[in-house]
Amino acid sequence: MDFALDEELRMFQKMFRDFAQNEIAPLAETLDREERPPLETLKLAAEQGFLGAPFPERYGGAEIGTIGYCMMLEEIGKVCMSTAMIIEVHTSIAAMGIYLDGTEEQKQTYLKPLALGEKIGSFALTEPGAGSDAASVQTTAIRDGDEYVLNGNKIWIINGSIAGTFVVFARTDPEKGARGITAFIVEKDTPGFTVGRNEKMMGLRGVPVATLFFDDCRVPAANILGGEEKLNQGFVTAMKALDYGRLSVGAICLGVAQGALEAGVQFACEREQFGGPIALKQAIQNFIADAATEIEALRYLVYHTAWMVDQGQKYTREAAMAKLFGAEVAGRVVNNMLQTHGGYGYTKDYPIERIYRDVRASRIFEGTSEVQRFVIAADILGERGLKIRP
Amino acid sequence: MRIIVPIKQILDPGGITVNRRAERIFINREEYIINPNDKNALEEALRLKDEQGAEVVAVTMGPERADDALREALAMGADNAFLLTDAAFEKADISVATTVLGKAIQKIGDYDLILTGCRAADTGAGQLGPRLAEYLGLPQITEVHQVLVVGDGRVRARRSWNQGYAEVEASLPALLTIALDANQPRYPPGARIMNAYREWEVTVWGASDLGIEAAELQPLTEEKRISFPPEREFGVKITGAPEEAVRELVQYLKVRRVI
Amino acid sequence: MDFTFPKEYQLLRRMVREFAQNEVAPLAREIDEKKEIPRQLIDKAARLGLLGVPFPQKYGGMGAGETGYCIVMEELNKVCGSLAVIIGAHIGIGATAIYLDGSEELKKKYLTPLARGELIGAFALTEPGAGSDAASIRTRAERDGDDYVLNGSKIFITNGKLSDVVSLLAVTDPSLGARGGVTAFVIEKTFPGFSTGTEEDKMGIRGSDTTELILENCRVPKENVIGEVGMGFITFMKTLDLGRLSLGAACLGAAQLALEASVKWARIRHLFGKPIAHKQSIQFMIADMATEIEALRSLVYRTAWLVDTGQPFSREAAMCKLYGSEVLHRCVDRAVQIHGGMGYMRDYFIELMYRDARITEIFEGTSEIQRIVIASDIFRQEGVRISP
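Here the structure is a predicted model, which means the values were calculated and not measured. Each residue is numbered by its place in its chain's sequence as written, counting from 1. Chain A is the first chain written and ligand 1 is the first ligand written, with later ones labelled in order. In keeping with the predicted nature of the model, local features appear solely for residues at pLDDT of at least 70, side-chain atom pairs appear and are counted solely at 80 or more, and the whole-chain, interface and lining totals rest on all residues. Side-chain figures throughout are based on the complete set of non-hydrogen atoms in the structure, without hydrogens or water.

1. Considerations on the overall build of chain B
Item 1. Helix numbering and strand numbering both begin at the N terminus, where a helix is a DSSP run of H or I of at least 4 residues and a strand a DSSP run of E of at least 2. Assigned secondary structure in chain B consists of seven helices and 13 strands.
Item 2. Principal-axis analysis of the C-alpha atoms gives chain B an extent of 70 × 40 × 40 Å.
Item 3. Residue exposure (1.4 Å probe, protein chains only): buried if accessible area is under 20% of the type maximum, exposed if over 50%, otherwise partly exposed. Relative to its 259 residues, chain B shows a buried fraction of 43%.
Item 4. By the convention used here, residues are in contact when the closest approach between their heavy atoms is within 4.5 Å. Of the contacts formed within chain B by residues at least 6 apart in sequence, a portion of 69% connects residues at least 24 apart.
Item 5. Method for areas: the Shrake-Rupley scheme with a 1.4 Å probe, in which residue coverage is limited to the protein chains shown. Accessible area for chain B stands at about 14,000 Å²; split by element, carbon and sulfur atoms hold 48% of it.

2. A word on the pattern of salt bridges
All names here are of chain C.
Item 1. Whenever Lys or Arg places a side-chain nitrogen within 4 Å of a carboxyl oxygen from Asp or Glu, that contact is recorded as a salt bridge. All told, the structure shown has 85 salt bridges over all chains when counted by the stated rule.
Item 2. Here Lys 78 and Glu 75 are joined by a salt bridge, their closest N and O atoms 3.8 Å apart. With a gap of three residues between them, Lys 78 and Glu 75 both fall in helix H4 (residues 65-79), about one helical turn apart.
Item 3. Among the salt bridges present, the one from Glu 199 reaches Lys 161, with a minimum N-O distance of 2.9 Å.

3. Considerations on the packing of aromatic side chains
Item 1. Here the aromatic set is Phe, Tyr and Trp, taking the six-membered ring for Trp, and pairing holds for ring centres within 6.5 Å; pairs whose planes are under 30 degrees apart are stacked, those over 60 apart are edge-to-face, and all others are tilted. Applying the stated criterion across every chain, the model contains 25 aromatic pairs over all chains.
Item 2. Taking the centre distance of 5.9 Å and the plane angle of 25° together, the rings of Phe 12 of chain A and Phe 16 of chain A count as stacked. Highlighted residues: Phe 12 of chain A and Phe 16 of chain A, both in helix H1 (residues 7-24), separated by four residues, approximately one helical turn.
Item 3. For Phe 12 of chain A, a relative accessible area of 9% translates into the label buried.
Item 4. Residue Phe 16 of chain A is classed as buried on the basis of its relative accessible area, which comes to 2%.
Item 5. Between Phe 365 of chain A and Tyr 344 of chain C the ring centres are 5.4 Å apart and the planes differ by 75°, which places this aromatic pair in the edge-to-face class. Within this pair, whereas Phe 365 of chain A is found in the loop between helix H10 (351-359) and helix H11 (369-383), its partner Tyr 344 of chain C is found in the loop between helix H9 (314-339) and helix H10 (349-357), the two belonging to separate chains.
Item 6. Owing to a relative accessible area of 13%, Phe 365 of chain A belongs among the buried residues under this scheme.

4. So, the interface of chain B and chain A
Item 1. Contacts between the two partners involve nine residues from chain B, matched on the other side by 12 residues from chain A.
Item 2. What counts as buried area is the accessible surface, traced by a 1.4 Å probe, that two parts surrender upon association, with contributions from both included. Taken over both partners, the interface formed by chain B and chain A buries close to 960 Å², and the fraction arising from carbon and sulfur atoms is 46%.
Item 3. Between chain B and chain A we count three salt bridges in total.
Item 4. A 3.5 Å cut-off defines polar contacts: any pair of N or O atoms within that distance qualifies, except that in protein one atom must be a possible hydrogen donor and the other a possible acceptor, and neighbouring residues in sequence count only when both atoms are side-chain atoms. The interface formed by chain B and chain A holds three residue pairs in polar contact (both at pLDDT 80 or more) in total.
Item 5. Asp, Glu, Lys and Arg are counted as charged, while Ala, Val, Leu, Ile, Met, Phe, Trp, Tyr, Cys and Pro are counted as nonpolar; the rest, among them Gly, fall into the polar class. When grouped by side-chain class, the residues that make up the side of chain B that touches chain A number two nonpolar, one polar and six charged.

5. What about the interface of chain C and chain A?
Item 1. The interface is formed by 48 residues belonging to chain C together with 44 residues belonging to chain A.
Item 2. Counting the surface lost from both chain C and chain A, the interface buries some 4,000 Å², and carbon and sulfur atoms represent 57% of this.
Item 3. The interface formed by chain C and chain A includes four salt bridges.
Item 4. Between Lys 200 of chain A and Glu 33 of chain C there is a salt bridge whose closest N-O contact spans 4.0 Å.
Item 5. At the boundary of chain C with chain A, the tally comes to 30 residue pairs in polar contact (both at pLDDT 80 or more).
Item 6. For the side of chain C that touches chain A, the elements supplying multiple residues, two or more each, are strand E3 (147-158), helix H8 (280-308), H9, H10 and helix H11 (367-380) of chain C.
Item 7. Of the residues in the side of chain C that touches chain A, the class split is 18 nonpolar, 13 polar and 17 charged.

6. Observations regarding helix H5 (residues 81-101) of chain C
All names here are of chain C.
Item 1. If you check H5, its first and last C-alpha atoms are 29 Å apart, about what 21 residues at 1.5 Å a residue would give, namely 30 Å.
Item 2. Of all the bends in H5, the greatest, near 40°, is centred on Ala 95.
Item 3. Buried residues dominate H5, accounting for 18 of its 21 residues. What a helix should span is 1.5 Å times the count of its residues minus one. Across the chain, bend at a residue is computed as the angle between axes fitted to the seven residues ending at that point and the seven starting from it.

7. As for the pairing of strand E10 (residues 154-161) of chain B
Residues and elements named next belong to chain B.
Item 1. When strand E9 (residues 140-151) meets E10, the two strands line up antiparallel, connected through six bridges. Among the inter-strand pairings, Val 150 is bridged to a residue of E10, identified as Val 155.
Item 2. Hairpin connection, E9 to E10: the antiparallel pair is bridged by two residues, and Asp 152 has positive phi, about 55°.
Item 3. Pairing of E10 with strand E11 (residues 164-171), which is carried by eight bridges, proceeds in the antiparallel orientation. In the sheet register, Arg 158 faces E11, and the bridge partner there is Glu 167.
Item 4. For two strands to pair, DSSP has to find at least two bridges joining them. Where E10 folds back on E11, the antiparallel hairpin that results is connected by two residues, among which Asn 162 adopts a positive phi of roughly 50°.

8. Some details on the nonpolar core
Item 1. Remark: nonpolar core denotes a set of buried residues (Ala, Val, Leu, Ile, Met, Phe, Trp, Tyr, Cys) joined through side-chain atoms within 4.5 Å. Leu 176 of chain B together with Leu 12 and Leu 150 of chain C are the most contacted members of the largest nonpolar core, which has 274 residues in total.
Item 2. At 18 residues, helix H7 (residues 232-268) of chain C tops the list of elements feeding residues into this core.
Item 3. Counting 24 residues, the second largest nonpolar core, distinct from the first, contains Phe 82, Ile 108, Ile 114 and Leu 136 of chain B.

9. Focus on the domain arrangement of chain C
How big an interface is tends to be reported as the loss of accessible area on association of its parts.
All names here are of chain C.
Item 1. Structurally, chain C comprises domain 1 (7-120), domain 2 (122-229) and domain 3 (234-381).
Item 2. A separation of 22 Å is found between the C-alpha centroids of domain 1 and domain 2.
Item 3. With 26 residues of domain 1 at the contact, the number on the domain 2 side is 22 residues.
Item 4. For the pair domain 1 and domain 2, the summed buried surface comes to about 2,000 Å²; carbon and sulfur atoms form 64% of the total.
Item 5. The largest per-residue losses of area from domain 1 upon contact with domain 2 belong to Lys 35, Tyr 110 and Ile 120, which jointly make up 30% of the total buried on that side. The source of the domain bounds is an automatic or database domain assignment.

Written as structure tokens, this is what we have:
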């Protein structure tokens, strides 16, 4: 087992870190205050190939592998979780869905522009009645000639207002539960498809999150993701993409936790009370030690899982673990680092205030911690032949 | 000027759930409150007190716990309070209540106005006001939204009439029933709450204090059965900005192939 | 042992709850967005006696003692963290400093209008170099004739902008430090040399202002000394002790609402065909919330009873603040998790509760300081003195 980073990965790490520090970090506070996405940064990131990081070159990707991609997300997450989430949803679930199950033609037509960053991608699964219970999608898609007519709403869709390409999950068979769902590729500006107002959120205020409305929206049958033979198999695509997404969110949380720890350590060394830096106080030392330990464990969980992906191994369980542990570690670390900052940590003068609001989403979005626990337990018990229901 | 305000203490409807299938009422939280409509009457009396000076007297018939309703009335601003309580009052129906309250009001005496709510939130019969007016031989104005003028032996009030209002005058003493939500009952200030329980007195009268004979305490009505109206179906509530709500409604109907 | 609240407290609770529901709750979101509480709302509260709850009626207060004050803070913090913090700083520490150690003249002059809400109070201890380490304050007060002249600055002062009078701690004798060298003053905003500086932009309790106070040769008459010259640190520590208890009560109220909202949501939100109330994870979260809240409730009201019966309460008050703030954090966190995405959106109140709650583990003595206070008290009984 070789745990060292090879030269290529070390080079990627430096490249990502520099980009994050120079282009992303300076905007983080502004995005939060103005509640807008970093369109300028996304453009720059696209030019560097960052928006198609894991995909093969023939689809416009940078082919850096999952480990490299997770490194990128870690470095970006360290400085701006909003930017990281926008890129993650675009790459890990929207574009990845097309990469995993799309036809060759769909990959050329839709995946390539996403990978090149010419368009941003979005993934529309969640509905008011289908959150954790993703299989209870109600948006309908009814065949009419060689088109499908879509009707319904999707809520809390990340990148809604900036995306050009959407992977939309709709019900094509009312009787079959999860096996009656089909994935469609829908472009922005398709008649009958509108994007609502952006939500106002606690954090991740740079991430555009909106409701999508489908009102007799006509989509060609050719846009079924994977072609007509993938009719009613959309849920499988969704689960595969979400697996990749979970790992990615774990990588982002790793970055967020690491960034928070560094900020806390710096503050503790500079702030003086009771005759010396507060880093001299055991309570602070304990916060730091516990944070560093959990981050270390998370780091290897994330990168080991990324390695499994690149090896072509099944990684559903580990991806859920990465997301579960990542979100919970990041939450604890950020909380304790905010406490380390004292009153200053509650003001907008210090980034930790924003990071605290941002990180809270990680235990909810893209599958709550409760869903992750279920996935992990189901996988483990499934091995012993016990099938569990959510 | 003396204003007497009969109030009723009722079980807080907020603490009750109704199970139609079991045909039962469940008391989840047993708390007692002043009948909201009577609070409107009390507020109207207090408003008159603020504007032109008056002595406001709260009176209630009930078990011992009704003392709390009177303390609350004192805290809101009433000057005196009377609790009419007796084991013999337990089976009282509306006619017995009228007698008891009527006798108490006569014993208090020297009043200009009686203000009470139109109806109690628990029984909803709305009979007490008119019956009491008849018992005491007083002119009555019902569903009053505002007492406009009191003075020179007369009262002028605005009451509901058809789709609007009418102004009605009566000579004093008179009984007025105040409409629900005619006003916003004031919150009792904290210091008065403390004093209502710690410093001030509630006068307690029983059947013998009021000189009521056992015969007068026999109820004229008997409750035979309670039944429930039919159940409403569970529905979906659509809220939000009008444009989005309409969109959502249309989707909802389309998805269910209603339209 | 009678664990029921006397009737006047039950009625007080009901009154404040209705006031909070009807008058305050509808404004909570706007207060957060506009960073301001309408003055009429504060005046309405004052007319009901909510700005002078624990003080005797002879000083214009409600006469409801510490128990009444805890009830009020509990019910108000349920609906609006900003309003609770404003009142908490005004009564709990600003006016209390004067109540505990002020002369009768000082009480007549300031406590009565404060209790009636005619004046708003604040409490100024913290400085840039003196947060948890309160004893290292530097603001200087030098005697000059019949006045003291004050120079220095205070930061993170709740009601810094809103207040009319400030109870403030300054150094009168640098050689003596906290023991005998520090004095408490009542400063009127209109005294020459007094101004307000930066107002902080905060994560939550945005309707309450947290502002810098600047003293530049600020003249304060000697009559405005609270208690004895040099004994100010003790006054301020006693005041903070008492303030801690009511913060615990405030946390109790908000935690209770987090629980109620979660139970309601769990009943109506369906997942996989059934209300989420049927999921063991949800049930356990709710059970844990309810248990902690119950424990906190008993802790808070027993401590209030200790205060109202004149018994020592310092350790228990620190426990109320420590446990209250940590319970609140866990409860609002669970509430957000139970509400899922809705708990993260600003159009639903759970999100605001989460942001407002975080400060409770930091201000008026961080959780770390509370632990030091509690441990010190325990070890002191064993004859061991510990220092932070």
